[in-house]
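Listed below are the residues making up each chain.
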Amino acid sequence: MIDIHNHILPALDDGSPDIETTEEYFKLIKEAGISHIVFTPHYMPGFYDNTRDRLDKAYNSILPIKKEIIPNVNTYYSTEVYLNGEFIVNDIIKENLFINNSKYVLVENNLNGFTEDLYHLLYQLVRKGYKPILAHPERYQEIRTDISKAEDFMIRDVYLQINTSSLLGGYGEKVQQTAFELIDRGWAHFLGSDCHCHSGVYDYPESVELIRKEFDDNIATYLSKTFPQKMLNNEHVPIFYMVRKEIPQKKSFFDKLFNLFGD
């Protein structure tokens, strides 16, 4: 299993406050059976100025406990970029805030209402050949109100990452319902714990098992292994990987077919 979004690096944002806390969560990661993890502290100029230099220092500081506790886990580090302001695209490129030197970058926006420049900034990234991944779409008020806006992002070549806690009801019933509907429609590409190290819980494996139960093994594998691994390898992940085909015998039901060879 691959976690592409969390706040476990110490003393960089509102996640892990210190290396001792990070150490405790490394133990939970080991118990969970995670194979790869991408650390993604916030990048929000004026609040969390996590430049490449700061990231390098924080990552190097955890290498001794990484070697001791999770030596077999492949670790990477980037950021969760708050998209706002024309300068932010240049920051992403200048500071190399892409995941594992790929074209993929994790981004977020205002939960209570998208900023006016969001679509323009996403367009700038895509036009330059980059692949933005919108964190936790199920938590945005605009998508909870009108779920078709999630598809609007995908039409613009933006990927979507669901939070594991959303699936387990951690943000309330409406967010949970939206997360399930996004997965059901094929409007989700990755899972991320978005773990902020506040609860003493790391729920990634529990959410994967829930997806297996409520959907099937294929969906769980695509979101937790197949697509994240392609992303880490800087390979193409299909935007639209699920199509619905009407079954003639039962006009009111649809059969989900997966097409991993194009979008």
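Our structure is the block above this text.
Notes on the structure follow. The model shown is predicted, which means the values in this text are computed figures rather than measured ones.

1. So, the overall build of the protein
When helices and strands are tallied, the protein shows 10 helices and 11 strands. Computed over the C-alpha atoms, the radius of gyration of the protein is 18 Å, within 12% of the 18 Å expected from 2.2 N^0.38 for a compact globule of 263 residues. Projected onto the principal axes, the alpha-carbon positions of the protein cover approximately 60 × 40 × 35 Å. Expressed as a percentage of its 263 residues, the buried residues of the protein come to 52%. Long-range contacts, defined here as pairs at least 24 residues apart, represent 75% of the contacts in the protein between residues at least 6 apart. Summing over all exposed atoms, the protein offers an accessible surface of approximately 11,700 Å²; the carbon and sulfur share of this is 48%. The average position of the 27 basic charges and that of the 39 acidic charges among the side chains of the protein differ by 6 Å.

2. Overview of helix α2 (residues 52-69)
When the terminal C-alpha atoms of α2 are compared, their 25 Å separation across 18 residues agrees well with the 26 Å that a helix rising 1.5 Å per residue should span. The principal kink in α2, of about 40°, is found at L63, preceding the proline P64 by one to four residues. Those residues of α2 hidden inside the fold are in contact with α1 (19-32), β2 (36-39) and β4 (74-77).

3. What about helix α6 (residues 148-155)?
Each full turn of the α-helix corresponds to 3.6 residues, which orients residues three or four apart in the same direction. For α6, every residue scored as buried is listed here: A150, F153 and M154. Down the axis, α6 shows its buried residues gathered within 100° of arc, on one side only. Those residues of α6 that are buried are in contact with α4 (118-127), β7 (131-135), α5 (141-145), β8 (159-163) and α8 (173-185). Taken from the residues just after α6, D157 is the one with a positive phi, measuring 65°.

4. Digging into the sheet that holds strand β5 (residues 80-82)
Read across the open sheet, the six strands follow the order β3-β5-β6-β7-β8-β9; overall the sheet is parallel. This sheet does not close on itself; its edge strands, each paired only once, are β3 (42-43) and β9 (190-192). As defined by bridge partners, β5 adjoins strand β6 (residues 104-108) across three bridges and the pair is classed as parallel. Looking across to β6, one finds that V81 is bridged to V107.

5. Focus: the sheet that holds β4
Taken together, the three strands give an open sheet; going across it, the order is β1-β2-β4, and neighbouring strands pair in parallel fashion. Since the sheet does not close on itself, it has two edges, and those belong to β1 (2-3) and β4, each with one partner. Relative to β4, β2 runs parallel, the two being bridged by four bridges. Paired with F39 across the strands is Y77, a residue of β4.

6. Structural notes on the pairing of β7
Most of β7 is tucked away, with four of its five residues classed as buried. In the sheet, β6 pairs with β7 via four bridges, with the strands oriented parallel. Paired with V105 across the bridge in β7 is P132. Once the chain exits β6 it traverses α4 before rejoining the sheet at β7, and the crossover so formed is right-handed.

7. Here's the deal with the pattern of salt bridges
Counted according to the given criterion, the structure contains nine salt bridges. R139 is the partner of D194 in a salt bridge, and the nearest nitrogen-oxygen pair spans 3.7 Å. One end of the pair, D194, is in the loop between β9 and α9 (204-214); the other, R139, is in the loop between β7 and α5, with 55 residues separating them in the sequence. Taking the relative accessible area as the measure of exposure, D194 reaches 5% and is therefore buried.

Definitions and limits used
- Residues numbered from 1 in each chain as written.
- Predicted model: local features only at pLDDT ≥ 70, side-chain atom pairs only at ≥ 80, totals over all residues.
- Heavy atoms only, no water.
- Helix = DSSP H or I, 4+ residues; strand = E, 2+ residues; numbered from the N terminus.
- Rg over C-alpha atoms; globule rule 2.2 N^0.38 Å.
- Buried < 20%, exposed > 50% of the residue type's maximum accessible area, 1.4 Å probe, protein only.
- Contact = heavy atoms within 4.5 Å.
- Areas by Shrake-Rupley, 256 points an atom, 1.4 Å probe, with all protein chains shown as cover.
- Lys, Arg positive; Asp, Glu negative; His and termini not counted.
- Charge placed at Lys NZ, Arg CZ, Asp CG, Glu CD.
- Expected span 1.5 Å × (residues − 1).
- Bend = angle between axes of the 7 residues up to and from the residue.
- Arc of directions from axis to C-beta.
- Pairing = 2+ DSSP bridges.
- Right-handed = clockwise from strand over helix to strand, strands pointing away.
- Salt bridge = Lys/Arg side-chain N within 4 Å of Asp/Glu carboxyl O.

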